[in-house]
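One-letter residues, chain by chain:
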Amino acid sequence: MKLGIFGGSFNPVHLGHLFLADNAIYSLKLDRVIFIPAYRSPFKLDDISAVSVNDRVDMLAAAITCDGRYIIDNCEVKREGVSYTINTIEDILIRYNLVEKPVLIIGDDVACDFPKWRESERILQLAEIAVAHRINSAVVKYPFPHIQIENNVMDISSHDVRQKIKDGNIWRSLVPPEVKAIIEDRRLYGLHSVPEKNNDFSYRLIQRIEAAARDALNTERFLHSRNTAIAAYDLCLRYGINPMTGYLAGIAHDLAKQLDGKQLLKILKSKNNIFKISALEYEKPNLLHGKAAAVLLREHFYINNKDVLEAVAFHTLGSEHMGLLAKIVYIADKTEISRNIDPALRKMCLKGSKESDLDSILYVVLEKTIVKLKSKELDLSNDTLMLLEKIRKR
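Computed from a prediction, not measured in an experiment: that's the story for all the values here.

As for the pattern of salt bridges
- Per the counting criterion, the structure on display carries 19 salt bridges.
- Note that Arg186 is salt-bridged to Asp55, the shortest N-O span being 2.6 Å. Here Arg186 is found in helix α8 (residues 177–186), whereas its partner Asp55 is found in helix α2 (residues 53–63), with 131 residues between them in sequence.
- On the basis of relative accessible area, Asp55 is assigned to the buried category, the value being 13%.
- Each member of the salt-bridge network shares a partner with another, and the members are Asp73, Arg79, Asp91 and Arg95.

Printed below as a string of structure tokens:
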């Protein structure tokens, strides 16, 4: 097996790192690349203090999820202190029982100084050196044996990412989504506060739920779910609720939509079910997909937030007991941008700032929903009718 060794601070790991590793595998015909996060780099003694070693390793692990071509070896983290490449290569050679020389991948930003590295001549005996383009697209001759990796320059550096985060500039497109979620959850690198208050849910949890919805639904249904999540996010901002809570409920509301009636009834018989099943739902179990989705959120994602579970459960038929979030998700589901609805109704959703305005929107949505159901000669749920009556009285 031919291995590449790619060391660095990875503070944070970004798309440029992954691009370089991918190019190294292709260009050098490597079987695998070993990422070696430094405990303290002799070249970047001032950079590591921004976040913990565990934060950097967690971000690196998140960035290479499900990619069997990559390994993370934390030998330098275990050694602590300043990390020297010669010690790492010697360690790798012993533990990995390599038959052929590993390839040490370095960037042209540090290649000029390679002869000054500790025991650089010994490094050349133990490993091949491969130089990648990091800052210079031209081929440069270096005074030591090396292989040139043919890669384009991706102008991203960890320093720039950290600075952009600190300054509140654009940075999210420079790192993998999983890394973005960790930075946002942990507020790393001086990340500015965001308007989402009282956030009970991590970005990584919401990512997992969105991935589950993408796997469970066909493309059209998933896009509807994401549009619902966006609409719920906007309405939550307007009515003083954490918008990511609305996004979570919106992305999850149809999680069980494509299950058949028998599967839905089976889910609703779970010990995690907290919702009653009406006679109409027993007769037409496909109406249970909202309540089933709420059960799945409890069973598989351990969500016990009453407002979120009710918002997901009640989006199908409504309920007179709906809270503010449930009303928002019900409206978002019926009015999201891919729906063919009256433009005046969508305009209503874009205006207003008081809870009474939300009830006004909900009343119009309910009336239009009932008219649509009647036109198709479909049975009306008592929950829907009771909700309409309650809003009408208000």
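Examining the packing of aromatic side chains
- A complete count under the given rule lists 8 aromatic pairs for this structure.
- Between the aromatic rings of Phe35 and Tyr70, the centroid separation amounts to 5.2 Å while the plane-to-plane angle is 80°, which identifies the pairing as edge-to-face. With Phe35 in strand β2 (residues 32–37) and Tyr70 in strand β3 (residues 70–72), this pair connects stretches of sequence that are 35 residues apart.
- Residue Phe35 is classed as buried on the basis of its relative accessible area, which comes to 0%.
- Look at Tyr70 and you get buried, because its relative accessible area is 9%.
- Every member of this aromatic cluster is reached through a ring pair, and the members are Phe6, Phe10, Phe35 and Tyr70.
- A cation sits over an aromatic face here: Arg118 above Tyr84, 3.9 Å from the ring centre.
- Across the ring face of Tyr330, the terminal group of Lys334 is positioned such that the distance to the ring centre comes to 3.8 Å.

Looking at the nonpolar core
- Counting 59 residues, the largest nonpolar core has Ile209, Leu297, Ile303, Val308 and Ile331 as its most contacted members.
- Apart from residues lying up to four places away in sequence, Ile303 is in contact with Phe201, Leu205, Ile209, Leu248, Leu297, Arg298, Val308 and Leu309.

Rules used in this analysis
- Residues numbered from 1 in each chain as written.
- Predicted model: local features only at pLDDT ≥ 70, side-chain atom pairs only at ≥ 80, totals over all residues.
- Heavy atoms only, no water.
- Salt bridge = Lys/Arg side-chain N within 4 Å of Asp/Glu carboxyl O.
- Helix = DSSP H or I, 4+ residues; strand = E, 2+ residues; numbered from the N terminus.
- Buried < 20%, exposed > 50% of the residue type's maximum accessible area, 1.4 Å probe, protein only.
- Phe/Tyr/Trp six-rings, centres within 6.5 Å; stacked < 30°, edge-to-face > 60°.
- Lys NZ or Arg CZ within 6 Å of the ring centre and 35° of its normal.
- Core = buried A, V, L, I, M, F, W, Y, C linked by side-chain atoms within 4.5 Å.
- Contact = heavy atoms within 4.5 Å.

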